[in-house]
Amino acid sequence: MTQQALEKLYQETLEAAARLLSYRALSVSALRDKLLARGCQEDAVDYALAYLEAHGFLDDQKYAESTVRSYKRRGYGTLRIRQELRRRGVDEAAASEVLEDATPDWDAMEALLEKRLHGDLSDRKEVNKAIAALQRRGFLWEDIRTALRRYGASIEASFD
């Protein structure tokens, strides 16, 4: 392959990568997979990824932070967010670093408990269903226990 043809190939791959990023943010891994699936050559993909990372257009750390904010806003817990980061191709080190300082969303947990329990902690079956719903949303067991205690305390305080 001539130098000119090689440069054209690299440029086309870079343009395809930029086009994909213009639609939505992607992790390095996800962008790599999409470019390879489109038939781009691996060395051209490596060049495009390196170029985009060097110029600040591709950053797994910022992507992970954005994803964490989005999922926390939607009321998901740490486990579910970690699963989503993994699914989106964010490496484990970046995911752990971003989630290290993540605190549970007590308001979201309390809102779900209120929606499910309506202030009644006496029905064990309904409490178990609420716990299962919180687990499905990815909250840690320790945080669920704390949320239940807080919810019970807020119910008792409202009767005082």
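Residues numbered from 1 in each chain as written. Predicted model: local features only at pLDDT ≥ 70, side-chain atom pairs only at ≥ 80, totals over all residues. Heavy atoms only, no water.

### Regarding the packing of aromatic side chains
Here is step 1 of the chain: Evaluated as defined, the whole model comprises 3 aromatic pairs.
Here is step 2 of the chain: For the pair Tyr71 and Tyr76, a centre-to-centre distance of 5.4 Å together with 45° between the ring planes defines the contact as tilted.
Here is step 3 of the chain: Since its relative accessible area comes to 8%, Tyr71 is described here as buried.
Here is step 4 of the chain: Joined through ring pairs, the aromatic side chains of Tyr10, Tyr47 and Tyr51 make up one cluster.
Here is step 5 of the chain: In this structure, Arg74 packs its charged tip against the face of Tyr71, placed 4.2 Å from the ring centre.
Here is step 6 of the chain: The cationic tip of Arg137 hangs over the ring face of Tyr76; the distance from NZ or CZ to the ring centre is 4.1 Å. (Phe/Tyr/Trp six-rings, centres within 6.5 Å; stacked < 30°, edge-to-face > 60°. Buried < 20%, exposed > 50% of the residue type's maximum accessible area, 1.4 Å probe, protein only. Lys NZ or Arg CZ within 6 Å of the ring centre and 35° of its normal.)

### Comments concerning unusual backbone geometry
Here is step 1 of the chain: With phi around 50°, His118 is a residue other than glycine that occupies positive phi space.
Here is step 2 of the chain: Looking at the element boundaries, His118 is found in the loop between α7 (106-117) and α8 (124-136). (Helix = DSSP H or I, 4+ residues; strand = E, 2+ residues; numbered from the N terminus.)

### Describing the pattern of salt bridges
Working definition: two side chains of opposite charge can pair if their charged atoms are close together.
Here is step 1 of the chain: Tallied over the full model, the rule gives 7 salt bridges.
Here is step 2 of the chain: Between Glu92 and Arg86 there is a salt bridge, and its shortest N-O distance comes to 3.6 Å.
Here is step 3 of the chain: Each of Arg82, Arg86 and Glu92 takes part in salt bridges that share partners, so that together they form one network. (Salt bridge = Lys/Arg side-chain N within 4 Å of Asp/Glu carboxyl O.)

### Quick notes on a positive patch on the surface
Here is step 1 of the chain: Together, Arg19, Arg24, Lys34 and Arg38 line one region of the surface with positive charge.
Here is step 2 of the chain: Following the sequence through the fold, Arg38 ends up in the loop between α2 (28-37) and α3 (42-54). (Patch = residues over 30% accessible without salt bridge, like charges linked within 9 Å, V, L, I, M, F, W, Y side chains within 5 Å. Areas by Shrake-Rupley, 256 points an atom, 1.4 Å probe, with all protein chains shown as cover. Lys, Arg positive; Asp, Glu negative; His and termini not counted. Charge placed at Lys NZ, Arg CZ, Asp CG, Glu CD.)

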